[in-house]
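Secondary and tertiary structure notes
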Amino acid sequence: MKTVTIENVTLGEGQPKIIVPLVGKTRADVLQEAEIAVQSNCDIVEWRIDHFEEILDFNKTAEFSKEVKAAVGRPLLMTFRTAKEGGVCPLEDQKYFEMYHTLLENGAPDLLDVELFMPESEVSELVAKAHEAGKKIIMCNHDFDKTPSKEEIIRRLQLMQEKGADICKIAVMPQNAHDVIVLLDATQEMYHQHADRPLITMSMGELGVVSRVSGKTFGSAATFGAAKKASAPGQVSVAELRTVLETL
């Protein structure tokens with residue numbers, strides 16, 4: 001199992017790392033949330049740029065990311081979540097990749113979130129460019145409607161590895177307790193039998209909260225916590241997460 005180190009944070013060893021999202025619409029909102037995130041003692045900050053009102057000006061967003069990076073003082077994950085995977089700003093695929101290339105050239109991300117099912121050749125080109133720039137890729141997939149079969153969850157995580165992701169992430173929605181067990185079973189099987197890099201997995205909503213705190217047991221290297229406003233169903237506050245992770 002390879003670990004991934006960004007600054008002084010290493011994913012894939014020790015306790016699961018806590019990632020806090022910033023979902024502010026304005027510059028002032030983002031910087032205020034950044035201050036709260038720092039106070040929460042999280043490990044990594046995720047800036048959900050699909051919430052940012054100036055996102056369609058890619059150069060301005062890239063420049064502002066330097067200010068955000070300075071404000072958080074820790075690894076910065078930049079994420080544009082597409083509408084089809086739960087994001088708030090529709091964007092054509094061509095613009096999605098143009099945006100990310102601009103961020104790599106002029107911005108300050110340490111990690112970029114790239115969705116698994118985006119066009120394959122463009123993803124390959126983006127991953128290569130990120131790695132040339134010394135940046136890491138979290139490749140992800142979200143299903144807000146259901147929990148796929150264990151085999152399908154593992155297949156998607158393996159596909160992320162094949163596409164060059166540094167970290168492989170999947171989030172699914174449970175309909176019942178069994179679905180949560182499916183996600184956890186898929187995580188431990190992937191971790192022990194297939195993974196050669198860190199995984200981040202979660203079952204969303206209230207039913208899935210146990211998956212957000214049991215990563216050390218089942219093989220998930222990070223979890224998402226809320227410092228102010230949650231960016232996905234079932235996110236727990238950073239303070240509560242830290243307490244439970246240490247207790248477990």
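Residues numbered from 1 in each chain as written. Predicted model: local features only at pLDDT ≥ 70, side-chain atom pairs only at ≥ 80, totals over all residues. Heavy atoms only, no water.

What follows is about the UniProt feature "binding site: 3-dehydroquinate" (unreviewed entry) in the chain. Feature annotation in UniProt places "binding site: 3-dehydroquinate" (unreviewed entry) on Glu46, Trp47, Arg48, Arg81, Arg212, Ser231 and Gln235, given in this structure's numbering. On the basis of relative accessibility, which here comes to 3%, the residue Glu46 falls in the buried class. With sequence-adjacent residues up to four places away left out, Glu46 is seen in contact with Ile19, Val20, Pro21, Leu22, Leu77, Thr79, Arg81 and Phe224. You can see Arg48 is positioned in strand 4 (residues 44-48). Residue Arg48 is classed as buried on the basis of its relative accessible area, which comes to 6%. (UniProt positions renumbered as here; feature names shortened; annotations may be inferred. Buried < 20%, exposed > 50% of the residue type's maximum accessible area, 1.4 Å probe, protein only. Contact = heavy atoms within 4.5 Å. Helix = DSSP H or I, 4+ residues; strand = E, 2+ residues; numbered from the N terminus.)

Turning to the UniProt feature "active site" (unreviewed entry) in the chain, a few remarks are in order. In the UniProt entry, the feature "active site" (unreviewed entry) is given for His142 and Lys169. Their sequence span is 28 residues, while the largest C-alpha to C-alpha distance among them is just 8.6 Å; these annotated residues converge on one region. Within the element layout of this structure, His142 appears in strand 7 (residues 136-143). Judged by relative accessible area, His142 falls into the buried class, the value being 10%. Checked against the element boundaries, Lys169 lands in strand 8 (residues 167-172). Classification of Lys169 by relative accessible area gives buried; the value is 6%.

Right, let's get into helix 5 (residues 150-162). With 13 residues, helix 5 extends 18 Å between its outermost C-alpha atoms, agreeing within 8% with the 18 Å of an ideal straight helix rising 1.5 Å per residue. Buried within helix 5 we find Glu152, Ile153, Ile154, Arg156, Leu157, Leu159, Met160 and Gln161. The inward-facing, buried residues of helix 5 abut strand 7, strand 8, helix 6 (177-193) and strand 9 (199-203). Once helix 5 finishes, Gly164 follows within two positions and takes phi at roughly 95 degrees, a positive value. (Expected span 1.5 Å × (residues − 1).)

Counting across every chain of the model gives 16 salt bridges. Here Asp113 makes a salt bridge to Arg81, at a shortest N to O gap of 2.8 Å. One end of the pair, Asp113, is in strand 6 (residues 111-115); the other, Arg81, is in the loop between strand 5 (76-79) and helix 3 (93-106), and 32 residues separate them in sequence. For Lys150, the salt bridge identified is with Glu189, shortest N-O distance 2.8 Å. Placement of the pair is Lys150 in helix 5 and Glu189 in helix 6, with a sequence separation of 39 residues. Connected via shared salt-bridge partners are Glu7, Lys69 and Asp110. (Salt bridge = Lys/Arg side-chain N within 4 Å of Asp/Glu carboxyl O.)

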